[in-house]
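# Structural overview
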Amino acid sequence: MGQPGVGHGAQPNKKGSTVNIDLLALLASAAGGFLGATFGGLIAFVFVGVMLFVGIAIAAAGGDPTFINAIAWGPFMGPHIAFLAGLVAAAYAARRGVLPGGGRDIVTPLVSLGRPDVLLVGALSGVVAYLMQAGLVAIPGLGTKTDTIAATILIVSIIARLAFGKTGLIGANAEGLTGMKRFKTNAQNAWLPWQEKPLQVGLMGLFLGGLSAWGTVALMTAYPNAAGSVMYLGFALSAFALILLVVGVAVPVTHHITLQSSLALILVVSKWPDTSPLVLVLVGALVGCIAALVAEAFSRLFLIRGDTHIDPPTWANWLVATVMYIVIPML
């Protein structure tokens, strides 16, 4: 995390089998989860983008990635802490019947419910997520081969669905369709109707992935010592842009595209340092396209018929990153 060839969520553990628990960080994670629940998941995720912008500026000015690691990916605003806490607390609030928008409502600031128990569930989620991610990092051969932040979000959000949801893991089609037809979107079963068509999704991944890759190449060239930090520029912009989604503007959701396209070229450069910028951008565009399609596929599998939020971009971040971490070094 914050290092070339490591990327979002994959933190190498030198001992490989020791779970490193920092009591102060654990307590901070409880507070971070509480904060994420107060804001709601989506608003908390927007702040990840803000924190990354600050961290990128620090790194480009000659600083180290400590700000990004501790704040953007750590207990303060880490997606597995604040964003995830908003998801879990929303699922709990819906089960208690106090969230009118239902368990998939990750926009409403949960402090508005006036329910301390909902916010405390967010704090508990922060603690569980901290321990979960630390445990994943400590597994030999796994901590550096997957996105442990994304894996943590998925595992805990699935547990929240099973604990607080009523639809089961996948859920039934609103029109009663079965088989493969139940995965088709409709008025009741949809994620982002404005970007669900395969051609639309693929083109978004291709062009925006290529753009994020180009930005990473340009910044890596200008700030070679900060490559592991400047690679997050596209992701930061994607996260911050979701503030418009909060206020009801149908903007694209692209953070899985921009993150994986930049991570792809970081991994390629770590293996083949002399790869041309054109090839790197093309690789980033291709990976961005794949990530976009993977997220849409998982939205139809786990999100659209469920009554709690299991995040499609997080599925893409976990799966695509894991495949790249394993495959690229083997080529």
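What counts and what doesn't
- Residues numbered from 1 in each chain as written.
- Predicted model: local features only at pLDDT ≥ 70, side-chain atom pairs only at ≥ 80, totals over all residues.
- Heavy atoms only, no water.
- Helix = DSSP H or I, 4+ residues; strand = E, 2+ residues; numbered from the N terminus.
- Rg over C-alpha atoms; globule rule 2.2 N^0.38 Å.
- Buried < 20%, exposed > 50% of the residue type's maximum accessible area, 1.4 Å probe, protein only.
- Contact = heavy atoms within 4.5 Å.
- Lys, Arg positive; Asp, Glu negative; His and termini not counted.
- Charge placed at Lys NZ, Arg CZ, Asp CG, Glu CD.
- Salt bridge = Lys/Arg side-chain N within 4 Å of Asp/Glu carboxyl O.
- Expected span 1.5 Å × (residues − 1).
- Bend = angle between axes of the 7 residues up to and from the residue.
- Patch = residues over 30% accessible without salt bridge, like charges linked within 9 Å, V, L, I, M, F, W, Y side chains within 5 Å.
- Areas by Shrake-Rupley, 256 points an atom, 1.4 Å probe, with all protein chains shown as cover.

### Re the overall build of the protein
Secondary structure assignment for the protein yields 13 helices and zero strands. Across the protein, helices and strands are ordered from the amino to the carboxyl terminus as α-α-α-α-α-α-α-α-α-α-α-α-α. Over its C-alpha atoms the protein spans a radius of gyration of 19 Å, differing by no more than 12% from the 20 Å that the globule rule assigns to 331 residues. A principal-axis box enclosing the C-alpha atoms of the protein has dimensions of 55 × 45 × 35 Å. Burial statistics for the protein: of 331 residues in total, 54% are counted as buried. Expressed as a percentage of contacts within the protein between residues at least 6 apart in sequence, the contacts between residues at least 24 apart total 76%. Looking at the protein, you have 16 positive and 11 negative side-chain charges, and the mean spots of the two groups are 9 Å apart.

### Focus on the pattern of salt bridges
Applying the stated criterion to the full structure yields two salt bridges. The partner of Asp-117 in a salt bridge is Arg-115, and the shortest N-O contact between them spans 2.8 Å. The exposure class assigned to Asp-117 is partly exposed, which follows from its relative accessible area of 23%. Using a relative accessible area of 29% as the deciding quantity, one classes Arg-115 as partly exposed. For Glu-296, the salt bridge is made with Arg-300, and the minimal N-O distance between the two is 2.9 Å. Taken together, the residues Glu-296 and Arg-300, both in helix H12 (residues 277-303) and four residues apart, mark about one turn of the helix.

### A short note on helix H4 (residues 79-95)
The terminal C-alpha atoms of H4 lie 23 Å apart, and with 17 residues this matches the ideal 24 Å at 1.5 Å per residue to within 8%. When the local axis directions of H4 are compared, the greatest deviation, roughly 30°, occurs at Ala-85. Along H4, 15 of the 17 residues are buried, which leaves the element largely enclosed by surrounding structure. Downstream of H4 by a residue or two, Gly-97 has a phi angle that is positive, lying close to 80°.

### Some words on helix H7 (residues 198-222)
Relative to the 36 Å expected for 25 residues at 1.5 Å per residue, H7 spans 36 Å between its end C-alpha atoms, a close match to the ideal helical length. Those residues of H7 not exposed but buried are Val-201, Gly-202, Met-204, Gly-205, Gly-209, Gly-210, Ser-212, Ala-213, Gly-215, Thr-216, Val-217 and Met-220. Elements in contact with the buried residues of H7: helix H8 (227-230), helix H9 (233-241), helix H11 (255-271) and H12.

### A word on a nonpolar patch on the surface
A cluster of nonpolar residues, Trp-272, Val-323, Ile-326, Val-327, Met-330 and Leu-331, forms a patch on the protein surface that exposes about 590 Å² of accessible area. Within the fold, Met-330 resides in the segment after helix H13 (312-327). Assessed through its relative accessible area of 66%, Met-330 is described here as exposed.

### Description of the environment of Ala-134
Along the chain, Ala-134 turns up in helix H5 (residues 116-138). The exposure class assigned to Ala-134 is buried, which follows from its relative accessible area of 11%. As for Ala-134 and Trp-214, which are separated by 80 residues in sequence, their C-alpha atoms are 33 Å apart. Those residues in contact with Ala-134 that lie beyond four places of it in its chain are Val-19, Asn-20 and Ile-21.

The values reported here are purely geometric and, on their own, carry no functional implication.
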